[in-house]
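# Inside the fold
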Amino acid sequence: MNIQYVGEHLLPGNIGDFSLLIGLVTALLSAFFYYQASRENPSDQYMWKKWARVGFFTHSLFIFLASAMLLIILLNRYYEYKYVWVHAENDLGLGYLIAAFWAGQEGSMLFWTFCQVIIALLIIRYAAKWENPVMAIMAFSQFFMTSMILGISIGGANIGMSPFTLMREVPENAASEFFQNPNYLSLIVDGNGLNPLLRNFWMMSHPPILFIGFALTLVPFAYALAGLWKKQYVEWIRPSLPWTNLAIFFLGAGILLGGVWAYESLTFGGFWAWDPIENASLVPWLVLVAALHLMLVARKKQENLFPTFLFTFLAYAFVIYSTYLTRSGVLAETSVHSFGNDGSGLQILIFLFTFILLGVVPLVKSYSKLPSKENEQPMTKEFWLFIAAMVLVLSAFQIVFTTSIPVWNKIFGSELSPPVDVVDHYNTWQLPFAVLVALLMAVTHFLRWGKTDLKTFYKSIVLSAVLSLVFTILIIIFTTMETWALRIFLFAGLFAFFSSMDMLLRFRKILANTPALISHIGIALFLLAVLMTFSQKEIISQNTSGFNLGASFPANENLLLIKDEILPMGDYFVTYKGNSRQGEDIIYQVDFLKKNSEGEYYLSFRSEPTIKLNERMGNVYNPYSKVYLSKDIFTYITFADIDNQGMPNEPTLIEKFEITRNDTITVDNNKMVLTSIESVEAEEIAENSIVIEATLDVVTHFGTTFTVNPRFELAGRELKFQDDIIRDLDYRFRFTEVSEKPFTIVVELYQDQPEFIIIKTIIFPYINLLWISCIIMLTGFWMTYRKRWENRGADN
């Protein structure tokens, strides 16, 4: 039965799906034509190249059109489309609506494809004689990329997932009565909405920049493969260097922005959590940096070409592998970043192994033809750059091996468990690699191409080494850096920093590449900042409230704050002043106080951690950082009673106990003493009523004494209780029974349920050095790219 649905906006979806189909076909045709153009004699190349360009320009046009259609249905909130309903909602602002473009699997893949189109068009504009072979690879990659978002079924096999799939076309919705209703769309009043974790400024920039980096990593892959095809084993390096530097810049920027987002929005208390998806983006960057340094060696000395090709190929292969980890669902249980399994895992693996074979097969065939040199001298720049590259790649492979434990289990049917303490595991393994990288960076600055005179080398390096040793000793004296491993890391980082500065200031005109040195200074400072910030961080929120928080909230890390109660915490006193609601955020006001010379409290600063409410996807706890020049004070909520917020709470019975005069009992670390029991005679006491008043002294674990006087009244046959309260402790005392011989009373102790929160506060020293080092590092990467771009022309 054909149902005439009412209100659906089918045109943009139809245009989008048609555009993707045409984009797929034209990408494959363009790849074939470019391949033919790179094989034919010069007289026949023009025709093939002309048709190849037509094909790719057509592909570009339709990818642009598909992207525009996705943006249109998002901005107009057409909830009949699954992608829009999942990632948009009525109250979502314009910026986040745009960010929804890359929030899901289909949209992010389309954005990545869009980025590769832009880069490929620049290749056509600037690649000159390298256009044909390079674009053959670029277009072939576009064919695979477009297939990932095609969303068609052939012989029961699904080819990709389209962002233009209608809600009623989703298989699990096919039999739903809801979608049999022609007017179903009028019943969808709102969308599911963007994941609250993604509603952050940094997440509007982190994913697109990372995807640009992924797209750029294809370019050196394509140049390297083109070099093998054309038997120009060294010539391909020069035109590919600026693209390699640009890929390193964008990958690095994307990774670092992700770290900033994690620090500001997540509550693991740090910059890097070694999450599997974080690792998957770091590995291509490490391998590409290794490939870059070997490119420099190969171009200068025409050696180490095999690992240069191999690492260049592996960098893009790891980009595709990271896509598999993210989108196949294999990491769904071990990563907060992973998408669910959309059935695209097999398709991505075909993509991955196709490109591995594209690179490795011609490399193996050409192995014997690659230029090489024997009897390489160890005291040369090229030798130690090769060692440094190998260290980077070994570091990457260690990360890949542990990150891929779920993959190994899936392949081999094993039951390997990921590390229990992930951060400690990776830090332990990666620390030696970081030390080696820093030391090699320091040493290679002073080595020359060809052969280095040892006397000159030792004379050049001694200043940096001595300064590093002196500063290492001083820092150890004035900090709590106790382990030798961290002390060695400190020396290595300082050595890398001082050697870079020495080269920049003393030897720049003789040996130095200024942009590269700025990058090295940034990297050295980054390593030092990571060491100093996270080895010296201090959790100051030890629980001084006297309440048992249970195993879920360790007392050495969490502090319970009752509203308006002041408790000591580190060098401060803290008090919870209440909360307010702004939209979907609950903002908690925690005042950090200090005492003046008269012992009076004054406000040092106000911390405002928040909880972003989201019933569908869970609440998000956002930290608040008070930023100082030398440190951040990082606070977040670990518990708040959101469900009962603003509601009056009934007192809770803590304990019922018998006590005689002058007896002492202990409750919640507080001592209670019954000092007297007396009959009360007063004018306000009604006739025929008996009133007995108990006096109890309560001594807290801080030494403060409170006195309470609960009363027991017998008025005829009616019992009445007059409770007494200690508001500072939220205790309510009820005198319920009395007996003689010995003279004993029964007291019920209730806990008034005050408004409270549990917080965790961490001091991160020198965290600003981390942000500064990131800026310096990225500045150096960009300057290096600009220099390489200006010098690219000779070999184009």
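Structure: see above.
Here goes a summary of the coordinates provided. (Residues numbered from 1 in each chain as written. Predicted model: local features only at pLDDT ≥ 70, side-chain atom pairs only at ≥ 80, totals over all residues. Heavy atoms only, no water.)

## Topic: the overall build of the protein
The number of helices and strands found in the protein is 19 helices and 23 strands. Overall, the C-alpha framework of the protein stretches about 125 × 90 × 50 Å when taken along its three principal axes. With 796 residues in all, the protein has 52% of them scored as buried. The long-range fraction of contacts in the protein, counting pairs at least 24 apart against all pairs at least 6 apart in sequence, stands at 68%. For the protein, the exposed area adds up to about 36,600 Å²; of that, 58% sits on carbon and sulfur atoms. Both charge centroids of the protein, one from 56 positive and one from 69 negative side chains, sit 20 Å from each other. (Helix = DSSP H or I, 4+ residues; strand = E, 2+ residues; numbered from the N terminus. Buried < 20%, exposed > 50% of the residue type's maximum accessible area, 1.4 Å probe, protein only. Contact = heavy atoms within 4.5 Å. Areas by Shrake-Rupley, 256 points an atom, 1.4 Å probe, with all protein chains shown as cover. Lys, Arg positive; Asp, Glu negative; His and termini not counted. Charge placed at Lys NZ, Arg CZ, Asp CG, Glu CD.)

## Observations concerning the environment of Thr 675
Along the chain, the position of Thr 675 falls in strand β15 (residues 670–679). Here Thr 675 falls in the partly exposed class, since its relative accessible area comes to 29%. Between the C-alpha atom of Thr 675 and that of Thr 58, which follows or precedes it by 617 residues, the distance is 94 Å. In this structure, Thr 675 is in contact with Arg 661, Asn 662, Thr 695, Leu 696 and Asp 697, ignoring residues within four places of it in sequence.

## Comments concerning the nonpolar core
Where a protein is soluble and globular, its nonpolar side chains tend to be buried together. Core analysis: the largest hydrophobic core is formed by 148 residues, its most contacted members being Met 138, Tyr 223, Trp 285, Phe 309 and Phe 355. Once residues within four sequence positions are removed from consideration, Met 138 is found in contact with Gln 116, Ile 119, Ala 120, Leu 218, Val 219 and Ala 222. Formed by 28 residues, the second largest nonpolar core is a distinct cluster that contains Leu 490, Ala 492, Ala 496 and Ala 524. (Core = buried A, V, L, I, M, F, W, Y, C linked by side-chain atoms within 4.5 Å.)

## Section: unusual backbone geometry
Unlike most non-glycine residues, Asn 662 shows phi in positive territory, near 75 degrees. Here Asn 662 is to be found in the loop between β13 (652–660) and β14 (664–667). Among the residues examined, Asn 662 registers a relative accessible area of 56% and is labelled exposed. Although it is not a glycine, Tyr 766 sits at a positive phi angle of roughly 60 degrees.

## Digging into the packing of helix α10 (residues 276–301) against helix α11 (residues 305–327)
Helices that pack against each other are described as a pair by the angle of their axes relative to one another and the distance between those axes. Look at α10 against α11: their axes get within 8 Å of each other, and the N-to-C directions meet at 165 degrees. Judged by the angle between their axes, α10 and α11 are roughly antiparallel. In this structure, α10 meets α11 at a crossing whose hand is left-handed. Seen from α10, the contacting residues are Ile 277, Ala 280, Val 283, Pro 284, Val 287, Leu 288, Ala 290, Ala 291, Leu 294, Met 295 and Ala 298; seen from α11, they are Leu 305, Pro 307, Thr 308, Phe 311, Thr 312, Leu 314, Ala 315, Phe 318, Val 319, Ser 322, Leu 325 and Thr 326. Taken together, the residues of the contact of α10 with α11 break down into 19 nonpolar, 4 polar and no charged. (Axes fitted to C-alpha atoms, helices over the stretch in contact; angles between N-to-C directions. Parallel < 35°, antiparallel > 145°, perpendicular 65-115°, else oblique. Left-handed = near helix turned anticlockwise from the far one by under 90°. Nonpolar A, V, L, I, M, F, W, Y, C, P; charged D, E, K, R; others polar.)

## Notes on the side chain of His 445
As for its position among the elements, His 445 is in the loop between α15 (422–444) and α16 (454–478). In terms of polar contacts, His 445 uses its side chain to reach the backbone carbonyl oxygen of Met 441, at 3.2 Å. A polar contact is formed between the side chain of His 445 and the side chain of Ser 499, at a distance of 3.1 Å. (Polar contact = N/O pair within 3.5 Å; in protein donor to acceptor, adjacent residues only side chain to side chain.)

## Notes on the pattern of salt bridges
Counted under the stated rule, the structure contains 12 salt bridges. The partner of Lys 760 in a salt bridge is Glu 557, with the nearest N and O atoms 3.0 Å apart. One end of the pair, Lys 760, is in strand β23 (residues 756–765); the other, Glu 557, is in the loop between β3 (538–539) and β4 (559–562), and 203 residues separate them in sequence. Taking the relative accessible area as the measure of exposure, Glu 557 reaches 24% and is therefore partly exposed. Lys 612 is the salt-bridge partner of Glu 584, the closest N and O atoms lying 3.4 Å from each other. One end of the pair, Glu 584, is in the loop between β6 (572–582) and β7 (585–595); the other, Lys 612, is in strand β9 (residues 610–612), and 28 residues separate them in sequence. The class for Lys 612 is buried, based on a relative accessible area of 9%. Taken together, the shared-partner salt bridges in this structure form one network comprising Lys 49, Arg 53 and Glu 131. (Salt bridge = Lys/Arg side-chain N within 4 Å of Asp/Glu carboxyl O.)

## Regarding the environment of Leu 225
Looking at the element boundaries, Leu 225 is found in helix α8 (residues 201–229). On a C-alpha basis, the gap between Leu 225 and Ser 176 in space is 51 Å, while along the polypeptide they are 49 residues apart. Leaving out residues up to four positions away in the same chain, Leu 225 has contacts with Ile 137, Phe 313, Leu 358, Gly 359 and Pro 362.

## Quick word on the pairing of β15
Judged from the 4 bridges that link them, β14 and β15 form a sheet pairing that is antiparallel. Across the sheet, residue Thr 664 finds its bridge partner in β15, namely Val 673. The hairpin turn running from β14 into β15, its antiparallel successor, is 2 residues long, and Asp 668 in that turn takes a positive phi close to 55 degrees. Pairing of β15 with strand β16 (residues 689–699) involves 8 bridges; the strand directions are antiparallel. Bridged to Val 673 within β16 is Asp 697. (Pairing = 2+ DSSP bridges.)

## Brief notes about α15
Owing to its 3.6 residues per turn, the α-helix aligns residues three or four sequence positions apart on the same side. Over its 23 residues, α15 runs 33 Å from end to end, which matches the ideal 33 Å to within 8%, given 1.5 Å per residue. Those residues of α15 that sit buried are Tyr 426, Gln 430, Phe 433, Ala 434, Val 435, Ala 438, Leu 440, Met 441, Ala 442 and Thr 444. On its buried side, α15 packs onto α10, α13 (381–403), α17 (484–505) and α18 (514–535). (Expected span 1.5 Å × (residues − 1).)

## What to know about the pairing of β16
Across the 11 residues of β16, 8 count as buried, placing the element largely inside the fold. With 5 bridges joining them, β16 and strand β18 (residues 711–715) adopt antiparallel strand pairing. Considered in β18, the bridge of Ile 692 is made with Phe 712. Bridging between β16 and strand β17 (residues 705–708) involves 4 bridges; their strand directions are antiparallel. Residue pairing for β17: Val 698 is matched across the bridge by Phe 706. In sequence, β16 turns back onto β17 through a hairpin of 5 residues, with Gly 703 there showing a positive phi of about 95 degrees.

## Quick look at a nonpolar patch on the surface
The grouping of Val 462, Leu 463, Val 466, Leu 467, Leu 469, Val 470, Phe 471, Ile 473, Leu 474, Ile 477 and Phe 478 at the surface amounts to a nonpolar patch, some 990 Å² of accessible area in total. Secondary-structure assignment places Leu 463 in helix α16. Under the relative-accessibility criterion, Leu 463 is labelled partly exposed at 40%. (Patch = residues over 30% accessible without salt bridge, like charges linked within 9 Å, V, L, I, M, F, W, Y side chains within 5 Å.)

## Examining helix α6 (residues 131–147)
For α6, built from 17 residues, the straight-helix expectation of 24 Å at 1.5 Å per residue is met to within 8% by its first-to-last C-alpha distance of 24 Å. Counting buried positions over the 17 residues of α6 gives 15, a clear majority of the element.

## Things to note about the packing of aromatic side chains
All told, the structure shown has 65 aromatic pairs when counted by the stated rule. Measuring from centroid to centroid gives 6.3 Å for Phe 111 and Phe 211, while their planes differ by 65 degrees, and the two rings are edge-to-face. Of this pair, Phe 111 sits in helix α5 (residues 105–126) while Phe 211 sits in helix α8, placing them 100 residues apart in sequence. Taking the relative accessible area as the measure of exposure, Phe 111 reaches 12% and is therefore buried. Taken together, a centroid distance of 5.9 Å and an interplanar angle of 20 degrees make the contact between Phe 140 and Phe 355 stacked. Here Phe 140 is found in helix α6, whereas its partner Phe 355 is found in helix α12 (residues 345–365), with 215 residues between them in sequence. These aromatic residues form a ring-pair network of at least three members: Phe 140, Phe 143, Phe 144, Phe 221, Trp 236, Phe 309, Phe 313, Tyr 316, Phe 351 and Phe 355. It is Lys 626 that lies over the ring of Tyr 628; its NZ or CZ is 5.6 Å from the centre. Its end group placed over the ring of Tyr 628, Lys 631 keeps NZ or CZ at 5.7 Å from the ring centre. (Phe/Tyr/Trp six-rings, centres within 6.5 Å; stacked < 30°, edge-to-face > 60°. Lys NZ or Arg CZ within 6 Å of the ring centre and 35° of its normal.)

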